[in-house]
Structure formats: structure tokens, C-alpha cells
Amino acid sequence: MGGCAGSRRRLSDSEGPLLFPLPGEEADPAPRPPPQDRQGAHWKNAVGFWLLGLCNNFSYVVMLSAAHDILSHQRAPGNQSHVDPDPTPTSHNSSSRFDCNSVSTAAVLLADILPTLVIKLLAPLGLHLLPYSPRVLTSGICAAGSFILVAFSHSVGISLCGVVLASISSGLGEVTFLALTAFYPRAVISWWSSGTGGAGLLGALSYLGLTQAGLSPQHTLLSMLGIPALLLASYFLLLTSPGPQDPGGEGEADTAARQPLINSEAPESKPGSSSHLSLQERWTVFKGLLRYIVPLVLVYFAEYFINQGLFELLFFRNTFLSHAQQYRWYQMLYQAGVFASRSSLRCCRIRHTWALALLQCLNLAFLLADVWLSFLPSIYLVFLIILYEGLLGGAAYVNTFHNIALETSSEHREFAMATACISDTLGISLSGLLALPLHDFLCQFS
């Protein structure tokens, strides 16, 4: 394999990833690999980061797609998890027109996101001291544990513990792999983002398809245990050693558009560990990141307020789809939009991400008004709006991280990428906290 073992040693046997020899060590000058080898390494890393994005977010997405089933928690004889693929809708709250669960699906969202928030808040303070390989192993084990625990759970509480494991896996993986992109050509950010979008689409579609075909949620979740194994194989077997290369890979247009994130940035240097950055330097980088962090927080607040606060309440009785099926279709269409836009960086780049935040907030206001007033006549109009919502969210994510990678020096890039990934998690957490009381208010007083 293209130097995988060497890659793991360099990225894990020290305080943070060391790409080049320590001071005082002599390095043998390595000949530049021939173009054919470089092309092969490029595609290995591209496919590797796409698969890492896919596998890392898969369990997180599946748990959100299964949120309605987890809270309904219907039991068949023998304590086997079971959801009828075409159940007759039953109202959990006969006084409400919304057919509410006793607990909002935002409860699953919070279990799926709060551990991630804690990990991302602590990551800039010391996670770089933990080698990459143990982090990836922990992420894979937690993902597998989440599927097993939810599949064999006999209560909502145990199921939520499994959701927490999925959150730990996704959060630890995201902060790890985004930091790892600092040691590879900048193009891998696009591949990683596309993979995370693919996780949304394939995760939601696989859960929808398998349960629609009559498979129980238990067997559906157990069938997904190959995903954590694929994550580990992609990291340990597919990625090549990140050699001393130009991490940018940017064209003249990118270079011309580059606006330093920090006015006092030093000239571009080779990427290395961010562990040597002082607290003052970290604070300066963080302040420079705010113009990207704040819009992304708003985008994710609005879209997850819609997803976990309003999806369950956007219930159409005049359709052939049951309530549970409507919820799964909403999740799948949202993820389809995310996948399309997260894969669009090569043909569409957006610098002013605040515009995406404004449009997403308008989406939230429109759907919230419909929940209250019920003026949309057809579920298919909601399908289109949700697809558009996913397009905005995916575009905000991939363009935010592309702009950050473009505007940070190599010295700061690893820290900047690991820090900025708190944006989506913070927005999602805030939306979950507000969606819970909204759910209770609408279900009790409408």
C-alpha cells in the first residue's frame, strides 16, 4: 500500500501529527514520485476521504431517520423490534391535529448531537495530543456499538444511549478527519464533504427502503454493521502517506481570490501539527473564523429546527403515506439535497455564505407558518421545499470549509478546520433545545 504504515506512524506516534522530521533529525531527500504514482495516490486519497465521510456520518443519519420509530417503539411478540411498513396512523394525542408522539423527535436529535458538541468544544484545547489512529478506532467501535445497542434495546432510554454512541462516533470522526485534511491536497475537502452528503442520502434511503420492504428496524440496523468496518479499512488501508506536497492544489483564480483569514498571517509554510500554537494565536485564528462560523451556525439552526421540530408536525392525512412513512420521506429528500450540494464544489463556489443563512431562515419561517396555519394543499409542495432546504444546508457546509482552507496558512489550517466544525453542531444543538418546547406547545394547544 502507498506507505500506509508510514503514514500512521508519522500521524500518530507523537503529540499530534508530525509530517516532517523533528529538529536535529536528518531526512533523506526523497525523490519526487513519477506523475503516474502521484495520480494513483490522488485517487486513493479522494476515494478514501469520500468513504470516510460516508461512513463517519452514516450512523448519525440512520438514528435521525429512525427517530420516529425509536420514540414510537412498537413491540412485536418476543420483544423483537417491529414497524409495520404500512401502519394505520394512530394518534398519540387525540386533542391535537398533529398526531404527536409523547416526546418530540428533537429528543433523539439532542441525544445524537450533544455528545458531539462536547467533543468539538474540547477538541481545540487538547484533542490534537491524542494520536489519529486511536481516535479512528474509537469512532468505529462506537458506531458499531450504536447499531447493536439500538437494535437490541427494549426501551426508549436504552435506545437513546445507543444514539449517544452514534453521536460520539460521528463527532470524534468529523473533528479528526477534517483536521487530517490539512495534510493532504485541498481537493480532499470536496471529497470528504461529498461523502458526508452521500451518508445522508444512503443512510436515509437504506433505512426507508429496508423498512418499507418489511424488514424490522432491528434487522435493518444490524445489516448496517459493515459500515464501521469500512471506515476502519478506508483509513488504515486506503489513504496514502501524506508527503511533503502543496496542500493547496489551487488554481490561479483561487489564489487571486484568497483573502487571508488573519491579517498578520505569515507566508505559506508547510503543514504541520497545530500543537505548538500559543493560546493567543488560537484566539486570533478563532476570531478570524467567526465570519464563517456564525452563518453556518444559523444555517444548521434553521434546517434542524425544521427537520426535528417541524417534520413530525407537517402531517398530511389526505395521502397514501402513513405518518411514519411521511417522516422517513422528509428525511430522505432532505439528505438528497444535501448530497447534491455537498458534491457541487467543482462547479459552484459561494464565498458569501451569509446569503445561504438568510435563505435557510426564510425557509424556517415559511414552514413554521404552514405548521400553524396549514395553508399548503399538498405534501408534494413540502417535498420540494425540503429538497431545497437540503441544497442550502449542503452548500453552506462545503463552501464554508473550502473558504477556510483557502484563507488559512498551512501553519493554522489543522486548528482552523478542527475548530470550525463546531458550527454545525452548535446550530443543531440550539435547534433541538428550542424544538422540544415548541413541540409540546403545539401538541397541547392546537
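No experiment lies behind these values; they were computed from the predicted model shown.

A. Region of interest: the overall build of the protein. The secondary structure content of the protein amounts to 16 helices and two strands. Here the contacts in the protein between residues at least 6 apart in sequence split such that 87% fall between residues at least 24 apart. Here the protein has roughly 17900 Å² of accessible surface; of this, 68% comes from carbon and sulfur atoms.

B. Representation of the packing of helix α7 (residues 188-212) against helix α12 (residues 323-342). Viewed as axis vectors pointing N to C, α7 and α12 meet at an angle of 160 degrees, and their least axial separation amounts to 8 Å. The pairing of α7 with α12 is recorded here as roughly antiparallel in orientation. The hand of the α7/α12 crossing is left-handed. Considered class by class, the residues forming the contact of α7 with α12 number 10 nonpolar, 12 polar and two charged.

C. Structural view of the pattern of salt bridges. One pass over the full model with this rule turns up four salt bridges. Taking the shortest distance from any N to any O, the salt bridge between Glu407 and Arg291 comes out at 2.8 Å. A residue pair is termed long-range when its members are at least 10 positions apart, and Glu407 in helix α14 (residues 379-407) and Arg291 in helix α11 (residues 279-310) qualify at 116 residues. For Glu407, a relative accessible area of 0% corresponds to the buried category.

D. Representation of the packing of aromatic side chains. Scanning all chains against the criterion turns up 16 aromatic pairs. Taking the centre distance of 5.7 Å and the plane angle of 25 degrees together, the rings of Trp283 and Phe286 count as stacked. Linking Trp283 with Phe286, this pair stays in helix α11, spanning three residues, or about one helical turn. Note on Trp283: relative accessible area 45%, which makes it partly exposed. A residue is classified by how much of its surface remains accessible, and Phe286, at 27% relative accessible area, is partly exposed. Feature note: the residues Phe311, Tyr327, Tyr330, Tyr380 and Phe383 constitute an aromatic cluster, connected by ring pairs. Positioned over the ring face of Tyr132 is Arg135, at 4.4 Å from the centre of the ring. For Arg342, the ring lying beneath its charged end belongs to Tyr397, and the centroid distance is 3.7 Å.

E. Representation of the nonpolar core within the structure. Residues Leu180, Leu310, Tyr330 and Phe401 are the most contacted members of the largest nonpolar core, which totals 104 residues. Broken down by element, this core gets its largest block of residues, 14 residues, from α11. Every residue in contact with Phe401, bar those within four places of it in the chain, is listed here: Leu178, Ile189, Leu296, Met417, Ala420 and Cys421.

F. Up close: the side chain of Ser194. Position of Ser194 among the secondary structure elements: in helix α7. When sequence neighbours within four positions are dropped, the list of residues in contact with Ser194 reads Trp50, Phe339, Arg342 and Ser343.

G. Broad picture of the UniProt feature "transmembrane region" (unreviewed entry) in the protein. Listed under "transmembrane region" (unreviewed entry) in the UniProt record, and renumbered for this structure, are residues 106-130, 189-208, 220-238, 289-306, 354-373 and 379-398. Summarising residues 189-208: 100% helix, 0% strand, and an end-to-end C-alpha distance of 29 Å. The straight-line gap between the two end C-alpha atoms of residues 354-373 is 29 Å; of that span, 100% is helix and 0% is strand.

Cut-off values and rules
- Residues numbered from 1 in each chain as written.
- Predicted model: local features only at pLDDT ≥ 70, side-chain atom pairs only at ≥ 80, totals over all residues.
- Heavy atoms only, no water.
- Helix = DSSP H or I, 4+ residues; strand = E, 2+ residues; numbered from the N terminus.
- Contact = heavy atoms within 4.5 Å.
- Areas by Shrake-Rupley, 256 points an atom, 1.4 Å probe, with all protein chains shown as cover.
- Axes fitted to C-alpha atoms, helices over the stretch in contact; angles between N-to-C directions.
- Parallel < 35°, antiparallel > 145°, perpendicular 65-115°, else oblique.
- Left-handed = near helix turned anticlockwise from the far one by under 90°.
- Nonpolar A, V, L, I, M, F, W, Y, C, P; charged D, E, K, R; others polar.
- Salt bridge = Lys/Arg side-chain N within 4 Å of Asp/Glu carboxyl O.
- Buried < 20%, exposed > 50% of the residue type's maximum accessible area, 1.4 Å probe, protein only.
- Phe/Tyr/Trp six-rings, centres within 6.5 Å; stacked < 30°, edge-to-face > 60°.
- Lys NZ or Arg CZ within 6 Å of the ring centre and 35° of its normal.
- Core = buried A, V, L, I, M, F, W, Y, C linked by side-chain atoms within 4.5 Å.
- UniProt positions renumbered as here; feature names shortened; annotations may be inferred.

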